[in-house]
Amino acid sequence: ADVIAVTGSASGIGAAVVAALRADGHEVVGVDLRDAEVCADLSTADGRRAAVDGVLALAPALDGLVVCAGLGPHVPDPLRIVEVNYRGAVEVLDGLFPALRGAAVAVSSSASTMVKWADNPIARGEEAAALAEAGEFAGHLAYSWSKNALTVAVRQRVAQWGAAGVRLNTVAPGAVDTPLLQAGLASRFGDAIRNYQAPIARRGRPVEIASLIRYLLGPEAGYIHGAQLMIDGGSDALLRPTEF
Ligand code: NAD
């Protein structure tokens, strides 16, 4: 059996990933604020270090890693969205890289394509100033910027990780029925989420995202590296048919 660490293991997509991996007979080290093998707060540098150290204490060698913990655009503090979704993912990837053989998957978002890296303030470390001026859309900008920066960070690591024999990919879900999405539906942006229809006219299910992640971690995906796989019911192709 493989040993696989999963952040955001307590809810939604992360919980579905844990269930799928355990059903395959793997050992999972979950990381979350609560209800996990390693309880740590990925919104702070200290918490991220504690998460990495806590995983390594339980599993000095890892066959797989899934960084899934994240906050939605509805969360009131937009800087916290950047801390968890971007730094909370990248610092755990980098911190556990030396212990990894096998593969890792980062859960980005279809929102990662809504900004260009050249226009992303995170690229210049200027997100705090940019968010201070962002007004009511600060949470949505923080979300898109954080996911764009995460996908770029993954793609920037392909040479180093490939040389070490560790594959690294992102999945980019569209709207998936989880507590995070439910909170968005209950926010003042709820109608925009409700009215948006993907070509496959329903929301994704956490098990469907987990199934792709399970595949990407396994040997059948042995030549997939540095890819971002959209899993969005066709929304990306609908919105950007000529860009890929
Ligand atoms: P969720 O809220 O059900 O699960 C997220 C988990 O992350 C929770 O268990 C939460 O406790 C954990 N988490 C949040 N802040 C944390 C922190 N500071 N430290 C440690 N753990 C923390 O949400 P979900 O929809 O399953 O989201 C999982 C991932 O999928 C996120 O990265 C999200 O951005 C991404 N995603 C979700 C959707 C969607 O529509 N649901 C779409 C695209 C991408």
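All residue numbers refer to positions counted from 1 along the written sequence of the respective chain. Selection of residues for local features in this predicted model requires a pLDDT of at least 70, selection of side-chain atom pairs for listing and counting requires 80 or more, and totals for whole chains, interfaces and linings are taken over all residues. For side-chain calculations, the full set of non-hydrogen atoms in the structure is used, while hydrogens and water are omitted.

Here the focus is the overall build of the chain. Every helix listed is a DSSP run of H or I at least four residues long, and every strand listed is a run of E at least two residues long, numbered separately from the N terminus. Summing up its helical and strand segments, the chain has ten helices and seven strands in all. A compact globule built from 244 residues would reach a C-alpha radius of gyration of about 18 Å, and the chain, at 17 Å, matches this within 12%. When its C-alpha atoms are laid out on the principal axes, the chain stretches across 45 × 40 × 35 Å. When the 244 residues of the chain are sorted by exposure, 49% land in the buried category. Throughout, the radius of gyration refers to the C-alpha atoms, and the reference size of a globule is 2.2 Å times the residue count to the power 0.38. Note on classification: 1.4 Å probe, protein chains only; a residue is buried when its accessible area is under 20% of the maximum for its type, exposed when over 50%, partly exposed between these limits.

Turning next to the site of the ligand. When at least one non-hydrogen atom of a residue lies within 4 Å of a molecule or strand, that residue is treated as near it. Around the ligand, the surrounding shell holds 30 residues, and the nearest of these are Ser11, Ile13, Asp32, Tyr143 and Thr178. Residues adjacent in sequence count toward polar contacts only when both atoms are side-chain atoms; beyond that, a polar contact is any pair of N or O atoms within 3.5 Å, and within protein one must be able to donate a hydrogen and the other to accept it. For the ligand, an oxygen atom lies 2.6 Å from a polar atom in the side chain of Ser11. At a separation of 2.7 Å, an oxygen atom of the ligand approaches a polar backbone atom of Ile13. The set of elements that each furnish at least two residues to the shell around the ligand consists of helix H1 (12–23), helix H3 (78–96), helix H5 (138–156) and helix H7 (179–186). By residue number, the principal contributor to the shell around the ligand is H7, which donates three residues.

As for its placement among the helices and strands, Asn169 is situated in strand S6 (residues 166–173). Judged by relative accessible area, which is 0%, Asn169 ranks as buried. For the pair Asn169 and Ala186, spaced 17 residues apart in sequence, the C-alpha separation works out to 31 Å. Residue contacts follow a heavy-atom distance rule, with two residues in contact if any of their heavy atoms lie within 4.5 Å. Discounting chain neighbours no more than four positions away, the residues touching Asn169 are Ala104, Val105, Ala106, Val154, Leu216, Ile224, His225, Gly226 and Ala227.

Take the layout of surface pockets next. Any empty space left between atoms is shown by rolling a water-sized probe over those atoms. The space that makes up the second largest pocket amounts to roughly 340 Å³. The rule is simple: put a 1 Å grid over the protein atoms alone, call a set of points where a 1.4 Å probe fits but cannot get out a cavity, call an open set with protein on both sides within 12 Å along at least five of seven lines a pocket, and count a residue as lining if it has an atom within 4 Å of a point. In terms of lining, the second largest pocket is formed by Ser112, Thr113, Asn148, Thr151, Val152, Arg155, Gln228, Met230, Asp236, Arg240, Glu243 and Phe244. At the level of secondary structure, the elements contributing two or more residues to the lining of the second largest pocket comprise H5 and strand S7 (228–231). At four residues, H5 tops the list of elements feeding residues into the lining of the second largest pocket. Counted by class, the lining of the second largest pocket contains three nonpolar, five polar and four charged residues. Grid points are joined across faces, edges and corners, and a volume is the space filled by probe spheres set on the points. Gly is put with the polar residues, along with every residue not named as nonpolar or charged; the nonpolar set is Ala, Val, Leu, Ile, Met, Phe, Trp, Tyr, Cys and Pro, and the charged set is Asp, Glu, Lys and Arg.

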